[in-house]
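Chains, contacts and geometry: an overview
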There are 2 protein chains.
Amino acid sequence: MRRLHHWPLDPWSRQARIALGEKQLEFEPVLDRFWDPSDDLLALNPAGLPPVLVDETSGGAIVVVEARAILEYLEEIKPEPALMPGSPADRAEIRRLVGWFDRKFDAEVNAYLLHEKLEKRVQALGAPDMEMIRAGRDHLRWHLDYVCALLEARDGLAGPRWTLADLAAAAHLSCIDYLGDVAWEQYPPAKAWYERIKCRPSFRPLLEDRLPGMAPVTWYADLDF
Amino acid sequence: MRRLHHWPLDPWSRQARIALGEKQLEFEPVLDRFWDPSDDLLALNPAGLPPVLVDETSGGAIVVVEARAILEYLEEIKPEPALMPGSPADRAEIRRLVGWFDRKFDAEVNAYLLHEKLEKRVQALGAPDMEMIRAGRDHLRWHLDYVCALLEARDGLAGPRWTLADLAAAAHLSCIDYLGDVAWEQYPPAKAWYERIKCRPSFRPLLEDRLPGMAPVTWYADLDF
């Protein structure tokens, strides 16, 4: 049995869910709040954060903490379908892009939009700051321009094949899309890319996520948006 | 030829330098400021941050951006000596700890101590905020307790062998140590562990780093401190 502690709109939990789906590895999802971790989660990860994968399929329990560790672990235990295909140079570029979204997009977009609109709400931290939201939207425009430039040069973020780079980018962007902040029409290459991703079976469960009292934007789950 | 764009007191640049040293791969260091990247660095990494490794030893130039990508790349092209030895479960624990220092230690310690005492100074951002420094020192105490607990349970951060977990932790802690904020005497297991690390040939060049106008604490380079 495999168990994944996750929170539905946490971009890192989403990376783990998509990767498990791509590898066609079944798992039992366990909901855990990053701002109020259960004792179970704290015992598995002293940082108290999802995602944590507990893999009991080979005898003892293997505990894998943090999205990056989970992604590399899944690639090791089930190499096919490869999420980091190609040469060491290809994998370096894939990992650069994962790092780009996990650090730069997180600091420049999530820290503004996800924090103000989502995290403050679920944690009852007060009203969103409109200045911060405006700044986050500015940063998002720049990031979408960068995504389009990559897609036009490569037909895929790190090349023609679907990789962890696409997966990580989609996990982050899908959380922002839930909030309705992605003006897809203005970014045709990104829109076409995200349309293809929305059709992947690994991605479908994410489109069914609903936060109580906080509906997604109307087009969030539409495959043709 | 290999070239590493780095900044001496950037914890991620230090990870790359130690890893290259451990793998006994020669490289030419190129100094680059994270707050004022050269055109060369920007052309290699649009995020403008060191470390970036340019590996021209096998014909074309392979550009590897970001510490995590560099560490995994080096492990792929030169597996021995292994920095992630063991099973997939062992590597998951090593990667969890690298993530711990890169995200949690960074947010809770570097963002306070390195930012207030070092980054503000080199970037001329004004005087350090003593409240922030006090908070950073509180967080650091908690992190050193955690390091000691791991070392007492395992004789090495992720187990008895030297791994990327030790390397990442030492890279972060060594920057804080330059500033004189680590009260090693109060943490005997961490002190013994760091003494052994200071003796590694891969670590010696870091002990020779000196920022102009900002000398390290007296014991910074002492092997017996």
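What counts, and at which threshold
- Residues numbered from 1 in each chain as written.
- Chains lettered and ligands numbered in written order.
- Predicted model: local features only at pLDDT ≥ 70, side-chain atom pairs only at ≥ 80, totals over all residues.
- Heavy atoms only, no water.
- Helix = DSSP H or I, 4+ residues; strand = E, 2+ residues; numbered from the N terminus.
- Rg over C-alpha atoms; globule rule 2.2 N^0.38 Å.
- Contact = heavy atoms within 4.5 Å.
- Areas by Shrake-Rupley, 256 points an atom, 1.4 Å probe, with all protein chains shown as cover.
- Lys, Arg positive; Asp, Glu negative; His and termini not counted.
- Charge placed at Lys NZ, Arg CZ, Asp CG, Glu CD.
- UniProt positions renumbered as here; feature names shortened; annotations may be inferred.
- Least-squares fit on C-alpha atoms with pLDDT ≥ 70 in both.
- Salt bridge = Lys/Arg side-chain N within 4 Å of Asp/Glu carboxyl O.
- Buried < 20%, exposed > 50% of the residue type's maximum accessible area, 1.4 Å probe, protein only.
- Expected span 1.5 Å × (residues − 1).
- Polar contact = N/O pair within 3.5 Å; in protein donor to acceptor, adjacent residues only side chain to side chain.
- 1 Å grid on protein atoms, 1.4 Å probe; cavity = no way out; pocket = protein on both sides within 12 Å on 5 of 7 lines; lining within 4 Å.
- Points joined across faces, edges and corners; volume = space filled by probe spheres on them.
- Nonpolar A, V, L, I, M, F, W, Y, C, P; charged D, E, K, R; others polar.
- Domains from an automatic or database assignment.
- Buried area = accessible area lost by both parts, 1.4 Å probe.
- Pairing = 2+ DSSP bridges.
- Axes fitted to C-alpha atoms, helices over the stretch in contact; angles between N-to-C directions.

As annotated in an unreviewed UniProt entry, chain A carries the name Glutathione S-transferase and comes from Marinicauda salina.

When you go through chain A residue by residue, the secondary structure sums to eight helices and four strands. Of the regular secondary structure in chain A, the N- to C-terminal order runs β-α-β-α-β-β-α-α-α-α-α-α. Relative to the compact-globule value of 17 Å for 225 residues, chain A shows a C-alpha radius of gyration of 17 Å, a close match. With respect to the principal axes defined by its C-alpha atoms, chain A has extents near 50 × 45 × 30 Å. Expressed as a percentage of contacts within chain A between residues at least 6 apart in sequence, the contacts between residues at least 24 apart total 67%. As displayed, chain A has an accessible area near 9300 Å², and 52% of this comes from carbon and sulfur atoms. If the 27 positive side-chain charges of chain A are averaged to one point and the 37 negative ones to another, these points end up 2 Å apart.

The next subject is the UniProt feature "domain: GST C-terminal" (unreviewed entry) in chain A. Per the UniProt record, "domain: GST C-terminal" (unreviewed entry) is annotated on residues 87–220 of chain A. The distance from the first to the last C-alpha atom of residues 87–220 of chain A is 35 Å, and the span holds 67% helix and 0% strand.

This part covers the relation of the copies chain A and chain B. Laying chain A over chain B is done by rotating through 180 degrees and shifting 0.0 Å along the axis; what remains is an RMSD of 0.0 Å. The transformation relating the two chain copies, once decomposed into turn and shift, fits a two-fold axis. Taking C-alpha positions as reference, the residue of chain A nearest the rotation axis is Arg103(A), located at 4.6 Å. Same-surface contact between copies: 100% of interface residues of chain A are shared with the interface of chain B.

What follows deals with the pattern of salt bridges. A full pass over the atoms with the stated rule returns 42 salt bridges over all chains. One salt bridge in this structure joins Arg96(A) and Glu93(A), with 2.9 Å as the shortest N-O distance. One end of the pair, Arg96(A), and the other, Glu93(A), are both in helix 4 (residues 88–122), three residues apart, so they sit about a helical turn from each other. In this structure, Arg96(A) and Glu93(A) share a single accessibility class: buried. One network of salt bridges, with partners in common, ties together Glu72(A), Glu76(A), Arg91(A), Arg95(A), Glu72(B), Glu76(B), Arg91(B) and Arg95(B).

Looking now at helix 6 (residues 164–178) of chain A. Residue and element names in this part refer to chain A. For helix 6, spanning 15 residues, the distance from its first C-alpha to its last is 21 Å, which sits close to the expected 21 Å at 1.5 Å a residue. Of all 15 residues making up helix 6, 15 are buried, and the element is well covered by its neighbours. Between the side-chain oxygen at the start of helix 6 and the backbone nitrogen of alanine 165 there is a gap of 3.0 Å, and the oxygen is on threonine 163. Phi turns positive one or two residues past the end of helix 6, at glycine 180, with a value near 85 degrees.

Turning our attention to empty space enclosed by the protein. Residues and elements named next belong to chain B. Counting across every chain of the model gives one cavity of 30 Å³ or more. Volume-wise, the largest cavity comes out at about 30 Å³. For the largest cavity, the full set of lining residues is Arg68, Leu71, Glu72, Met84, Ile94, Arg95, Val98 and Leu164. Listing elements by their share of the lining of the largest cavity, those giving two or more residues are helix 3 (67–77) and helix 4 (88–122). Among the residues forming the lining of the largest cavity, the class breakdown is five nonpolar, no polar and three charged. Lining the lining of the largest cavity are residues from two domains, each supplying at least three of them: domain 1 (2–77) and domain 2 (88–208).

A few words now on the interface of chain A and chain B. Residue-level contacts link 27 residues of chain A with 27 residues of chain B. For the pair chain A and chain B, the two sides together bury roughly 2200 Å², of which 60% comes from carbon and sulfur. Considering only the side of chain A, the residues that lose the most area to chain B are Glu76(A), Arg95(A) and Arg103(A), jointly responsible for 23% of the buried surface there. The tally of links from chain A across to chain B stands at ten salt bridges.

Turning our eyes to something else, we now look at the sheet that holds strand 4 (residues 62–65) of chain A. Residue and element names in this part refer to chain A. Strand order in the open sheet made by the four strands is 2-1-3-4, with mixed pairing throughout. Two strands close off the open sheet at either side, each with one partner strand: strand 2 (28–31) and strand 4. When strand polarity is set aside, the average angle formed by the axes of neighbouring strands in this sheet is 20 degrees. Here strand 1 (residues 2–6) pairs with strand 3 (residues 52–55) via four bridges, running antiparallel. Opposite arginine 3, over in strand 3, you have valine 54 as the bridge partner. On top of the sheet, helix 3 (residues 67–77) reaches strand 1, strand 3 and strand 4; it is set at about 30 degrees to strand 3, its chief contact.

What follows covers the sheet that holds strand 3 (residues 52–58) of chain B. All names here are of chain B. Here we have four strands laid out as an open sheet, ordered 2-1-3-4, and mixed in their pairing. The sheet is open, and its two borders are formed by strand 2 (28–31) and strand 4 (60–65), each paired with just one other strand. Strand after strand, the sheet turns through a mean of 20 degrees between neighbouring axes, direction not considered. Note that strand 1 (residues 2–6) and strand 2 share four bridges and pair parallel. Looking across to strand 2, one finds that histidine 6 is bridged to leucine 31.

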